[in-house]
Amino acid sequence: MATPVRAARLCRLAGRTVSSVSVARSLPAARCYMAASTGNNLQFRLDELTAHSSLDLFKKNTAVIYRMLGLDPSHVQKNPERFQDWAVVFGDEKISGGRHYWEVTVKKSQEFRLGVAEALMSREDCVGTNGSSWVFGYAQRKWFAMTGNKMVPVAQVGKPDRVGIRLDYEAGVLELMDIEKHTTIHTIRARFKTPLCPAFGLWDGELLTHSGLEEPGGLK
């Protein structure tokens, strides 16, 4: 098994690469999402209130495209839920239990992250750089798993056009699935204690989300 290595702390800051992460601040507990899901077949849209100004949502907020210049931050509604520095967006549902499955289609992207994060995660952090988020990422033609700013390479995997994300909240398991081969590519194990949201980071191209799905039979 690959040994976790300290990540180089490289995230895109408003289209640029930086080498540090700022001190985290927690969000107020007053944030209300559309619903809390404890069952299966999670259905969500992307939450425009959380989207960084370089990210545009489309297809009724089920897809996101990265624009290098993006919107002038002064033209974006200010609120404490929005990621000001990192090109990140959350799903609009929070998950407090159950087993859930969704898929993501990747279009023309060479750098992205997919996974979950605590609903009240600091908006000053990038997903994967703290202990409040768990993601699978793709960059420099390689996959990796990341949490707490520690990166684990995911070997012997190409770049599928569409992947599955499977979450078992009570078991503390997040899995990246190859939907064509019906296999688990990699598993992240954690102890989830607070409500989670689907989380996405994107630094080029597009991501299309597919939720409300039954978990395909035969997945291993």
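Residues numbered from 1 in each chain as written. Predicted model: local features only at pLDDT ≥ 70, side-chain atom pairs only at ≥ 80, totals over all residues. Heavy atoms only, no water.

If you check an unreviewed UniProt entry, the chain appears there as SPRY domain-containing protein 4 from Liparis tanakae.

So, about the overall build of the chain. Scanning the chain from N- to C-terminus turns up zero helices and 18 strands. Here the chain holds 220 residues, and the buried ones make up 51% of them. Of the contacts made within the chain by residues no fewer than 6 positions apart, 70% connect residues no fewer than 24 positions apart. Here the chain displays about 11,000 Å² of accessible surface, and carbon together with sulfur accounts for 51% of that area. (Helix = DSSP H or I, 4+ residues; strand = E, 2+ residues; numbered from the N terminus. Buried < 20%, exposed > 50% of the residue type's maximum accessible area, 1.4 Å probe, protein only. Contact = heavy atoms within 4.5 Å. Areas by Shrake-Rupley, 256 points an atom, 1.4 Å probe, with all protein chains shown as cover.)

Neither face of strand 6 (residues 63–66) is left uncovered, since the one carrying A63 and I65 and the one carrying V64 and Y66 both have all their residues buried. Pairing of strand 5 (residues 55–58) with strand 6, which is carried by four bridges, proceeds in the antiparallel orientation. If you follow L57 over to strand 6, its bridge partner there is V64. Hairpin remark: strand 5 followed by strand 6, antiparallel, with four residues in the connecting loop; positive phi at K59, about 50°. Sheet topology note: the strand 6/strand 18 (residues 206–210) ladder contains three bridges and is antiparallel. The partner of V64 across the bridge, within strand 18, is L207. (Pairing = 2+ DSSP bridges.)

All told, the structure shown has seven salt bridges when counted by the stated rule. For R67, the salt bridge is made with D56, and the minimal N-O distance between the two is 2.5 Å. Here R67, found in the loop between strand 6 and strand 7 (88–90), pairs with D56, found in strand 5; they are eleven residues apart in sequence, far enough to count as distant. Classification of D56 by relative accessible area gives partly exposed; the value is 23%. Note that D168 and R99 form a salt bridge whose closest N and O atoms lie 3.4 Å from each other. Linking D168 in strand 14 (residues 162–168) with R99 in strand 9 (residues 99–107), this pair joins segments that are 69 residues apart in sequence. Here D168 falls in the buried class, since its relative accessible area comes to 19%. Classification of R99 as partly exposed rests on a relative accessible area of 35%. Through salt bridges with shared partners, one network takes in R99, R166, D168, E175 and E215. (Salt bridge = Lys/Arg side-chain N within 4 Å of Asp/Glu carboxyl O.)

For the rest of this paragraph, the subject is the packing of aromatic side chains. Applying the stated rule across the entire model yields eight aromatic pairs. For the pair F112 and W143, a centre-to-centre distance of 5.5 Å together with 80° between the ring planes defines the contact as edge-to-face. Pair noted here: F112 is in strand 10 (residues 112–118) and W143 is in strand 12 (residues 142–147), with a separation of 31 residues, a long-range link. Of the aromatic side chains, those joined through ring pairs into one cluster are F44, W102 and F200. (Phe/Tyr/Trp six-rings, centres within 6.5 Å; stacked < 30°, edge-to-face > 60°.)

As defined by bridge partners, strand 11 (residues 133–139) adjoins strand 12 across five bridges and the pair is classed as antiparallel. Bridged to Y138 within strand 12 is W143. The hairpin formed by strand 11 and strand 12 contains two residues between the paired strands, and Q140 there has a positive phi angle of roughly 50°. Examined bridge by bridge, strand 12 and strand 13 (residues 150–154) share five bridges and lie antiparallel to one another. Of the residues in strand 13, the one forming a bridge with F144 is P153.

Before going further, it helps to examine the environment of K94. Note on placement: K94 falls in strand 8 (residues 94–95). For K94 and E118, which are 24 residues apart along the polypeptide, the C-alpha to C-alpha distance reads 8.5 Å.

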